[in-house]
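# Commentary on secondary and tertiary structure
Chain by chain, the residues run as shown.
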Amino acid sequence: MQDRVRGAGRAIPGALALALSTGLAAAAAPAGAHGKVQTFQVSHSTWTSPLVVNRHGVVAGDFGGLDRVSQAFVRTADGTITVFVPDGAMSSSVYGLNAQGEICGYFIDSSSTIHGFLREPDGTITTIDAPGAAYTYVYGINDAGAVTGTYVESGSHGFVRAADGTYATFDISGEIAIDPYAINSGGVVAGSWSDSSGIFHGFARGADGSIATFDPKGSHETAPGYINASGTIAGDYRDKAGTLHGFIRAASGKITAFDPPGSSETTVSGINDDGETVGAYFSGEREFGFVRDVDGTITPFILKKSDTYGAGINAKSVVTGWFDPQGSGDFVGFVGTP
């Protein structure tokens, strides 16, 4: 499977702790970005990493303690934080959140088996195991409740699970691995696949099962992680020198690569239905968050002069993510509004 940081490097975490918090603290606004920002942490955690935000301001993500293992949380727009644990989970990782407040991801049990999960707004959690799978990873969810991901059974395979629990599985000719990361309201899936040389490429799978593969020019590893309602795909790619760049791919197939000015490495972490993308980049020894407008304008932001990561953006341009005030990996979450 391909490593990603919500696009190009987020690794599989380990086991967990527990907590619950409703506290908020005001923070300075990110430079040049959103005018109102709230910061937060899950109680008793040493790091809190919000990853996704929906149109209602609900945020979901991961948190953990000194052992660096992860557990899942959801934060409502009023600031209430609820920790949740899938049955049998030793660690949990959130990946997707839809407009209805359904959350998807995967967890690792005590025997190190990986299962997907789907959490309803009322707290009900369903374990997801693709038929015949040894391991199941769930990455993306659409507003209809369909999820997509990877299952492992004599190799890795892609799947879509409809809201009624029926499965459609798929592969790409010549693949040795496949990672479907996102699904939109039209049932279009975006993700990556690896060829026999171990090189990752992007793909878009239509609701009819047709698959188009693609790479930005100069890409040596392509990681599409996000798709919006119009079929615009966002992600990042690594060139042959090993440097990461951002890209968007229109539904027409046109690919636009980009980097914020001064960036030495760019990761993309989300896209909303207006085509705004969010992510992070390195400039010098500092990490900045950014929002890229559909016209290509890039606005950087940073909280409290600390490394800052923009992780998700919703239809109202609300951004979530985290910053590292101590420079120690003890992340603090934030939500920013226009």
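Here we summarise the structure given alongside this text. As the structure is a prediction and not an experimental result, all values here were calculated from the model. (Residues numbered from 1 in each chain as written. Predicted model: local features only at pLDDT ≥ 70, side-chain atom pairs only at ≥ 80, totals over all residues. Heavy atoms only, no water.)

Mapping Arg 119 onto the fold places it in strand E9 (residues 114-119). Of the side chains with opposite charge, Asp 122 lies nearest to the buried Arg 119, which makes no salt bridge, at 7.0 Å. When near neighbours in sequence (up to four residues on either side) are disregarded, Arg 119 contacts Val 74, Thr 82, Phe 84, Gly 101, Glu 102, Ile 103, Thr 124 and Ile 125. (Helix = DSSP H or I, 4+ residues; strand = E, 2+ residues; numbered from the N terminus. Buried < 20%, exposed > 50% of the residue type's maximum accessible area, 1.4 Å probe, protein only. Lys, Arg positive; Asp, Glu negative; His and termini not counted. Salt bridge = Lys/Arg side-chain N within 4 Å of Asp/Glu carboxyl O. Contact = heavy atoms within 4.5 Å.)

Along the chain, Asp 215 turns up in the loop between strand E18 (211-214) and strand E19 (219-227). Overall, Asp 215 belongs to the partly exposed group, its relative accessible area being 31%. Here the alpha-carbon distance between Asp 215 and His 201, two residues 14 residues apart in the chain, equals 5.8 Å. Excluding residues within four positions of it along the chain, Asp 215 makes contact with Phe 200, His 201, Gly 202, Thr 222 and Ile 255. There is a polar contact of 2.7 Å between the side chain of Asp 215 and the side chain of His 201. (Polar contact = N/O pair within 3.5 Å; in protein donor to acceptor, adjacent residues only side chain to side chain.)

Here we come to the nonpolar core. Core analysis: the biggest nonpolar cluster contains 12 residues, these being Val 52, Val 58, Ala 60, Ala 72, Val 74, Phe 84, Ala 89, Val 94, Leu 97, Ile 103, Phe 107 and Phe 117. With three residues, the single largest contributor to this core is strand E7 (residues 89-97). Discounting chain neighbours no more than four positions away, the residues touching Ala 60 are Pro 50, Leu 51, Val 52, Phe 73, Val 74, Val 94, Leu 97 and Ile 103. (Core = buried A, V, L, I, M, F, W, Y, C linked by side-chain atoms within 4.5 Å.)

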